[in-house]
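Structure assessment
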Amino acid sequence: MTLPHHPIAVVGAGLGGLALARVLHVHGIEAALFDLDDSPAARTQGGMLDIHEESGQVALRAAGLHEEFSALVHPGGQALRVLDKDAVVHREEPDDGTGGRPEIDRGDLRDMLLRSLPGGTVRWGAKVTGARALGGGRHEVTLADGTAFTTDLLVGADGAWSRIRPLLSNARPAYTGVSFVEVDLPEADVRHPASAKVVGGGMLFALGAGRGFLAHRESDGSLHVYVAVETGEEWPAGVDFTDSAAAKAYVLAEFAGWDPSLRALIADAEGPLVPRRIHALPVGHRWPRVAGVTLLGDAAHLMSPFAGEGANLALLDGAELGLALAAHRGDVEAALAAYEEALFPRSEAAAADSARSGRLLFRPDAPRGLVEMFTAHD
């Protein structure tokens, strides 16, 4: 039986995969995207993203979407506050509209990219379970429903635990030593005014030795908080997170002695507390050129979030791969070689920066390291 065939198949309809599909579409090239979610609304897309002018915004310009993006950014979102464990303010910056990293809701950005593609580009509910080389750069991809397809170019845009990465690399993400617990405080100005004041209009860093709060105000007025703890990989498994009261007590125990206004970010949270272990691929992860397949985004260079580069690099990876394929029509290998030549040093530098920032944030003298870093860029 002849299997369905797609000249370009992209596994994963996250930001990177969508950016690739959009840039290809702009250049008259069709791609098929396969995503395990049943629909675009199957799960929430996370909090705010700061889109950097030297990476994410470059990608959006290549996609012809920068003007639409600009209309969706969160006014005031680039404001910044840096506090210590006693809620003493060490640095405060307003958003005067001149910064190069405007904030946008991840869901709004993804929806914008989806709207920019022809209907049917994304095959929803298509969970990839594996892939194998057929020779000559072609691959066969199998799905959870038992079906399969073949492709001339397979792109793994499927995140940290990529099913496509093993075709290129034996590397697997490793625990970084930091775990997050995500919490939300909705309608903060009305329901949580004290917390709204602590966080401010944009981003909050409240840091101490080995732990802290990374929070931001979302475009709907809610607060999204990442509670960070340097700890062993077993830590989030120490409590049932479906029991919110028990989970709050468990996490609050890590912040004994912290100012009550910061502890309230946990104590007053509404909805579930979501634990997340932070993993990363080795800094400098790369692979030899393998015919007909490549990676982008977290599948290629999963890193800690402490430099804010993950989403930006995913967008840039997708755009640059699309541009390379458009520039080398009919020669996939030349396109992939050009793409990876730029990808590897760029992602290595960002991953090293992310790892360095993670160490800086939670130093014994925190938040001093972060304040010094911002001061050095003044």
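Provided above is the structure to which this section pertains.
In this text, all values refer to a predicted model and were calculated from it rather than measured experimentally.

Topic: unusual backbone geometry
- The peptide bond linking A366 to P367 adopts the cis configuration, its omega dihedral lying at 15°.
- Examined against the element boundaries, P367 turns out to sit in the loop between helix 11 (332-361) and helix 12 (368-376).

Details of the environment of E309
- For E309, the location among the structural elements is in the loop between helix 9 (298-301) and helix 10 (310-327).
- The class of E309 is buried, set by a relative accessible area of 12%.
- Each residue touching E309, except ones within four places of it in the same chain, is listed here: H52, S55, R101, M303 and A350.

Considerations on empty space enclosed by the protein
- For the coordinates displayed, the defined rule picks out one cavity of 30 Å³ or more.
- Empty space within the largest cavity amounts to approximately 40 Å³.
- Of all elements in the fold, only helix 9 and helix 11 reach the threshold of two or more residues within the lining of the largest cavity.
- Looking at which element gives the most residues to the lining of the largest cavity, the answer is helix 11, with three residues.
- Tallied by class, residues from the lining of the largest cavity come to six nonpolar, four polar and one charged.

Procedures and definitions
- Residues numbered from 1 in each chain as written.
- Predicted model: local features only at pLDDT ≥ 70, side-chain atom pairs only at ≥ 80, totals over all residues.
- Heavy atoms only, no water.
- Helix = DSSP H or I, 4+ residues; strand = E, 2+ residues; numbered from the N terminus.
- Buried < 20%, exposed > 50% of the residue type's maximum accessible area, 1.4 Å probe, protein only.
- Contact = heavy atoms within 4.5 Å.
- 1 Å grid on protein atoms, 1.4 Å probe; cavity = no way out; pocket = protein on both sides within 12 Å on 5 of 7 lines; lining within 4 Å.
- Points joined across faces, edges and corners; volume = space filled by probe spheres on them.
- Nonpolar A, V, L, I, M, F, W, Y, C, P; charged D, E, K, R; others polar.

Distances and angles like these do not, on their own, reveal function.
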